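Architecture and fold: a report
Given next are the chains, with one letter for each unit.
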Amino acid sequence: MANVVTIEAETRARAGKGAARATRREGKVPGVVYGGKEEPNLIALEPREVLRELQRAGWQSRLYELKTGGGPVRALIRGVQFHPVTDFPVHIDFQRLIAGQRVKVRVPVHFENEGISPGLKRGGVLNVVRHAVEVYCESDNIPDQFTADLGPLDFNDNVRWHDLKGTENMRAAIDRDFVIATVVPPTKIEEVAAAAAAAPAAAPAKAPAKAPAKRG
């Protein structure tokens, strides 16, 4: 089951840019909840709660329960508008969910066992192609993350979609077995630099012997 985060929200009566600006002047972040075959609901949120969630990884796939006067609503964050100068959130969009509904979400990938990967231990570099994967799954079973095991990987080995853990009963948005990450061998320049660093220091060159002085 997905973890559910509860957020307190107030209902807003008026729509429009003027009403949204008034909400911001009151120190709140305006938002909207749409979908689920219901009319959109206008809400206002505490900025501290919004910032707390946006600063945590994986908010695009996190399941939220919005507590308003009309009862709790399950939802996903679908869009955030930020101030162009302060980068502060100025509006947030939620998609209302209903039980059994299949939704498209972006789930982060967590990499484990880097320390025992033969390729990485020998100086290889992890080339991450996808830090997150878009999937279709039921709204009640959205995972916090997928897990990629790097332990068996040597040079030029990779992790693909079918290798990820936690993908049961889900379908990737991309219809093929795509690459998540690859262990790349070190480059020639890096190998030469490593060999030079490991080589013993050369003995200093001897000065040429002086010729014996001539006697007159």
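Above this text is the structure in question.
First things first, this report covers the structure right here in the doc. (Residues numbered from 1 in each chain as written. Predicted model: local features only at pLDDT ≥ 70, side-chain atom pairs only at ≥ 80, totals over all residues. Heavy atoms only, no water.)

Overview of the environment of asparagine 169
Put simply, the test is: Helix and strand assignments follow DSSP, with helices taken as H or I runs no shorter than four residues and strands as E runs no shorter than two, numbered in order from the N terminus.
Relative to the helices and strands, asparagine 169 is located in the loop between strand 11 (158-160) and strand 12 (171-172). Counting along the chain gives 31 residues from asparagine 169 to glutamate 138, while the straight-line C-alpha distance between them is 8.7 Å.

A short note on the sheet that holds strand 7 (residues 102-112)
Put simply, the rule is: Two strands are said to pair when DSSP picks up at least two bridges between them.
Ordered by their spatial adjacency, 4 strands build an open sheet running 10-7-9-12, and the pairing between neighbours is mixed. The sheet is open, and its two edges are formed by strand 10 (146-149) and strand 12, each paired on a single side. Here strand 7 pairs with strand 9 (residues 132-138) via 7 bridges, running antiparallel. Among the inter-strand pairings, proline 108 is bridged to a residue of strand 9, identified as alanine 132.

Here's the deal with helix 2 (residues 47-54)
Here is the rule: Burial classes: relative accessible area under 20% of the type maximum marks a residue as buried, over 50% as exposed, and values in between as partly exposed (1.4 Å probe, protein chains only). As used here, the arc is the angular range of directions from the helix axis to the C-beta atoms. Whether two residues touch is decided by their heavy atoms; if any such pair falls within 4.5 Å, the residues are in contact.
The set of residues buried in helix 2 consists of Pro47, Glu49, Val50, Glu53 and Leu54. Buried positions in helix 2, seen along its axis, are confined to an arc of 165 degrees and lie on one side of it. The inward-facing, buried residues of helix 2 contact strand 1 (4-11), strand 2 (29-35), strand 3 (38-45), strand 4 (63-68), strand 5 (71-82) and strand 6 (89-96).

Quick word on the pattern of salt bridges
Oppositely charged side chains may form a pair once their charged atoms are brought near each other. The condition that has to hold: A side-chain nitrogen of Lys or Arg and a carboxyl oxygen of Asp or Glu constitute a salt bridge if their distance falls within 4 Å.
As enumerated under the stated definition, the model contains 11 salt bridges in all. A salt bridge links glutamate 10 to lysine 28, with the nearest nitrogen and oxygen atoms 2.7 Å apart. Of the two residues, glutamate 10 is situated in strand 1 and lysine 28 in the loop between helix 1 (17-25) and strand 2; the sequence distance between them amounts to 18 residues. One salt-bridge network, held together by shared partners, links Glu49, Arg52, Glu53, Arg56 and Arg62.

Overview of the nonpolar core
Counted only if it meets this: Only buried Ala, Val, Leu, Ile, Met, Phe, Trp, Tyr and Cys residues count toward a nonpolar core, and they belong to the same one when joined by side-chain atoms within 4.5 Å.
Val105, Val133, Val135, Phe146, Trp161, Leu164 and Ile180 are the most contacted members of the largest nonpolar core, which has 26 residues in total. Looking at this core, the elements that each hand over two or more residues are strand 7, strand 9, strand 10 and strand 13 (179-184). The dominant element in this core, judged by the number of residues it contributes, is strand 7, at 5 residues. When neighbours within four sequence positions are excluded, isoleucine 180 is seen to be in contact with Val109, Phe111, Asn127, Val128, Val129, Arg130, Val133, Val159, Arg160, Trp161 and Leu164. Among the nonpolar cores identified, the runner-up in size contains 18 residues, and Ile43, Val50, Tyr64 and Ile77 belong to it.

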